[in-house]
Amino acid sequence: MFAKENMRGQPLSAKKGEVRFRQSLIDQHLGNSHLFPNEYNESEMDRITAEKVKRIQDDVKELKKKGIRLSPFLEIGAGYGQASLILVNKFMAKGYATDLARAPLTSIKKMAKKLKMTLIPQILVSDAERLPFLNNSFPFVFCYQTLHHFPHPGIVTKEVKRVLKPG
């Protein structure tokens, strides 16, 4: 089983540090700098994005086959928003792409252009440990390959349960 987590969550100073780090990382991913020698550059990010988009499309097709209602959705830790972009453009879903850091979310329009997509999900900066939504708000809530990045995933999953509609 999992160790009991500190239910106070991540301190604000750590969240601010994460936001600053993500801004620097995005600059490198978009080809504007090279601060981190072991991190992806722009051309590597393009290759990874293409692979990720294919995986997301396949995963969403499987969810749809299983009768999962895709709209409205909430994506937590959206980053550049590839999953949300696919949902709104390929599956005509409506929803929110959220992230703690503003910088990746502001890059969603660039990502959409790169992927030749025109529709953009609602974009919202929010803390996954304290989601700004009412209980039972969404039939579909997901973290696409990001839950392991949260210092306290148990707190995040409790928030997901809170905003997820029953069933």
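Preceding this paragraph is the structure being described.
Residues numbered from 1 in each chain as written. Predicted model: local features only at pLDDT ≥ 70, side-chain atom pairs only at ≥ 80, totals over all residues. Heavy atoms only, no water.

**Student:** Just give me the short version of the pattern of salt bridges, but keep the residues and values in it.
**Tutor:** Under the defined criterion, the tally for this structure stands at six salt bridges. Residues E51 and R47 are paired through a salt bridge, measuring 3.3 Å at the closest nitrogen-oxygen approach. Residue E51 and its partner R47 are located together in helix α2 (residues 42-65), separated by four residues, close to a single helical turn. Each of D127, E129 and R130 takes part in salt bridges that share partners, so that together they form one network. (Salt bridge = Lys/Arg side-chain N within 4 Å of Asp/Glu carboxyl O. Helix = DSSP H or I, 4+ residues; strand = E, 2+ residues; numbered from the N terminus.)

**Student:** I'd like to hear about the sheet that holds strand β1 (residues 73-76), residue by residue, with values.
**Tutor:** Read from one edge to the other, the open sheet built from four strands follows the order β3-β2-β1-β4, with strand pairing classed as parallel. Every other strand in the sheet has two partners, leaving β3 (122-125) and β4 (140-142) as the edge strands with one partner each. The average angle at which neighbouring strand axes cross in this sheet is 15°, direction not considered. Note that strand β2 (residues 95-99) and β3 share four bridges and pair parallel. Opposite A97, over in β3, you have I123 as the bridge partner. (Pairing = 2+ DSSP bridges. Axes fitted to C-alpha atoms, helices over the stretch in contact; angles between N-to-C directions.)

**Student:** Account for the packing of aromatic side chains, naming residues and giving values.
**Tutor:** Scanning the entire structure with this criterion turns up five aromatic pairs. For the ring pair F73 and F142, a centre distance of 6.1 Å and an interplane angle of 45° mean the geometry is tilted. Of this pair, F73 sits in strand β1 while F142 sits in strand β4, and the two are 69 residues apart along the sequence. Neither residue differs from the other here; F73 and F142 are each classed as buried. Judged by centre distance (5.0 Å) and plane angle (20°), the rings of F140 and F142 are stacked. For the pair shown, F140 and F142 are each scored as buried. Put simply, the rings of F73, F140 and F142 touch in pairs and so form one group of aromatic residues. (Phe/Tyr/Trp six-rings, centres within 6.5 Å; stacked < 30°, edge-to-face > 60°. Buried < 20%, exposed > 50% of the residue type's maximum accessible area, 1.4 Å probe, protein only.)

**Student:** Tell me about unusual backbone geometry, and name the residues and values.
**Tutor:** Residue P72 follows S71 across a cis peptide bond; omega there is -5°. Looking at the element boundaries, P72 is found in the loop between α2 and β1. Non-glycine residue M92 carries a positive phi angle of around 55°. The backbone of Q145 shows a phi angle near 55°, a positive value even though the residue is not glycine. For Q145, the position within the fold is in the loop between β4 and α6 (153-163). For Q145, a relative accessible area of 39% corresponds to the partly exposed category.

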